[in-house]
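Residue-level structure breakdown
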Amino acid sequence: MLSTSAVGQARDNHSTTYKEYLGKGGFMEIKSNEPRKHLINCVTTSNDIYPTQWYFAELYDEMTDIGFFRNHEDADIHDYRDVLSWCVSILESSPSARLMLREATDKDWAISLEDLNGGDYCIDMDQKMLILDNNALVPSALGRSTYFRNVILVTLTKALRDIWQEKRHGGFDELYSPDYILLMERIRAADLDVMAIMVAWELRSEEYGELWRHLIGSDLGDMAMTYMGYVERDPSTQFNNKALLASFKQWFRCDDRLNRCDHDALEYMDDVIQCSNALNPFGSKRPGKMNIEMLSCLPDKTAYLQGQGAEILSDPVYASVDDDINQAHLMHIMHDMEAIIVCDVAFRDPALARKIFPLED
């Protein structure tokens, strides 16, 4: 089963999370076999066989110079391997991205570039396969475009973080009620963008400033400017996670980001209901403050949301659904969880449903 970059989980009735507290100033290393997160609508061939793929270990073996695409003609760019090798070489200069790349390499993950018709990326957890969107560009055109190469870099960073999170946390649908699923998916989506900003800043310090300039001109520009403002005023905020926290909070100040994330999560919950035989396929738990904070655990085992979990759970800025369409969608899901559908008629009382449609019992 495949997953997209939005939301989703495969099912697993057995889940355990192991946590190790590292003391003040540190956080937790989390290993989990929570229900897996999966996405829908991926482009695949039959039997989930990927015709053109490369292992991260292969790409590591042929590190590419930063100026590769400036120094080569289009005819020298034969396939997407050149683009992916260049991306891996760039991200290797970022300490945070390097740790995620090394884990993907050690776990034998493979990567491919395909036309996903507008999706950013897909993750096949079973096959350990990551598919990035090639934006319908052939290898030479993709390599020639600075803009689209940086799009691939941002997408790869977020996808590696998603894989990192998936291994440690899995999905949320079997644990939490729909309203809290929305909250947890928002936090996870915000974390992916925060990670992209942190990696871009680290690369800027390593003399690859193109990615940072790209982010400033993107829909994450407000978050990038918030991060930069903190670091330039006080460089220590880059290391005490205050800049990351400020960037995370900025994510929630954009209604468009919130509405897109909620829409994707609600669409996924619809799929869960349709594919389940249970009246209520979701969990009933309320996340605790530690569940919130653990989602921000970085590869270096610090957490930029440490101490913020209680505020996030209590502040409506993080959880309220203000978009009318998404509100109605959430209410519809809550209704479906409580109703019994017989011949396309919704009942709240099973006995009444049996009286009216006795042959459908």
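In short, a report on the structure. (Residues numbered from 1 in each chain as written. Predicted model: local features only at pLDDT ≥ 70, side-chain atom pairs only at ≥ 80, totals over all residues. Heavy atoms only, no water.)

1. Some words on the overall build of the protein
Per the secondary structure count, the protein includes 16 helices and nine strands. The burial tally for the protein puts 53% of its 361 residues in the buried class. By sequence separation, contacts in the protein at least 24 residues apart represent 69% of the contacts at least 6 residues apart. Per element, the accessible surface of the protein, about 16,800 Å² overall, is 49% carbon and sulfur. (Helix = DSSP H or I, 4+ residues; strand = E, 2+ residues; numbered from the N terminus. Buried < 20%, exposed > 50% of the residue type's maximum accessible area, 1.4 Å probe, protein only. Contact = heavy atoms within 4.5 Å. Areas by Shrake-Rupley, 256 points an atom, 1.4 Å probe, with all protein chains shown as cover.)

2. Brief notes about the pairing of strand 6 (residues 121–124)
Neither face of strand 6 is open: one carries Y121 and I123, the other C122 and D124, and all of them are buried. With four bridges joining them, strand 6 and strand 7 (residues 129–133) adopt antiparallel strand pairing. Each bridged residue has a counterpart across the sheet, and for Y121 the counterpart in strand 7 is L132. Between strand 6 and strand 7, which pair antiparallel and follow one another directly, the connecting turn spans four residues, one of which, K128, has a positive phi of 55 degrees. (Pairing = 2+ DSSP bridges.)

3. Overview of the packing of aromatic side chains
For the structure on display, the rule yields eleven aromatic pairs. For the pair W212 and Y227, a centre-to-centre distance of 6.3 Å together with 55 degrees between the ring planes defines the contact as tilted. Of this pair, W212 sits in helix 8 (residues 210–216) while Y227 sits in helix 9 (residues 221–233), and the two are 15 residues apart along the sequence. The exposure class of W212 is buried, given its relative accessible area of 3%. Its relative accessible area of 1% is what places Y227 among the buried residues. The structure contains a cluster of three or more aromatic residues connected by ring pairs, namely F248, W251, F252, Y304 and Y318. Over the ring of W86 we find R149, and its NZ or CZ is 4.9 Å from the ring centre. If you follow R168 out to its NZ or CZ, it ends over the ring of W164, 3.7 Å from the centre. (Phe/Tyr/Trp six-rings, centres within 6.5 Å; stacked < 30°, edge-to-face > 60°. Lys NZ or Arg CZ within 6 Å of the ring centre and 35° of its normal.)

4. Concerning the pairing of strand 5 (residues 110–114)
Burial analysis of strand 5 places five of its five residues in the buried class, which makes it a mostly covered element. Bridge count between strand 4 (residues 54–55) and strand 5: two bridges; the pairing is antiparallel. Paired with Y55 across the strands is A110, a residue of strand 5. The pairing of strand 5 with strand 7 spans five bridges and is parallel. Each bridged residue has a counterpart across the sheet, and for L113 the counterpart in strand 7 is L132.

5. Description of the environment of M294
Its place among the elements puts M294 in helix 12 (residues 289–294). Take M294: its relative accessible area is 4%, and that puts it in the buried class. Here the alpha-carbon distance between M294 and Q306, two residues twelve residues apart in the chain, equals 7.9 Å.

6. Regarding the pattern of salt bridges
Taken as a whole and assessed by the stated rule, the structure comprises 14 salt bridges. For R81, the salt bridge is made with E58, and the minimal N-O distance between the two is 3.4 Å. Of this pair, R81 sits in helix 3 (residues 80–91) while E58 sits in helix 1 (residues 56–61); the two residues are 23 residues apart in sequence, bridging distant segments of the chain. Residue E58 is classed as partly exposed on the basis of its relative accessible area of 28%. (Salt bridge = Lys/Arg side-chain N within 4 Å of Asp/Glu carboxyl O.)

7. Points about helix 10 (residues 242–251)
Taking burial as the measure, the ten residues of helix 10 include eight buried ones, the bulk of the element. Looking only at helix 10, the buried set comprises A243, L244, L245, A246, S247, F248, Q250 and W251. Considering only its buried residues, helix 10 is in contact with helix 7 (178–205), helix 9, helix 11 (255–275), helix 13 (309–314) and helix 14 (316–319).

8. Details of the packing of helix 7 against helix 9
Two numbers describe how helix 7 lies on helix 9: the axes approach to 10 Å, and their chain directions differ by 50 degrees. Taken together, helix 7 and helix 9 sit at an angle that is classed as oblique. As for how helix 7 packs across helix 9, the hand of that crossing is right-handed. Contact with helix 7, carried on its side by A190, D193, V194, I197, M198, W201 and R204, involves M223, A224, Y227, M228, V231 and E232 of helix 9 and no other residues of that element. The residue inventory of the contact of helix 7 with helix 9, partitioned by class, reads ten nonpolar, no polar and three charged. (Axes fitted to C-alpha atoms, helices over the stretch in contact; angles between N-to-C directions. Parallel < 35°, antiparallel > 145°, perpendicular 65-115°, else oblique. Left-handed = near helix turned anticlockwise from the far one by under 90°. Nonpolar A, V, L, I, M, F, W, Y, C, P; charged D, E, K, R; others polar.)

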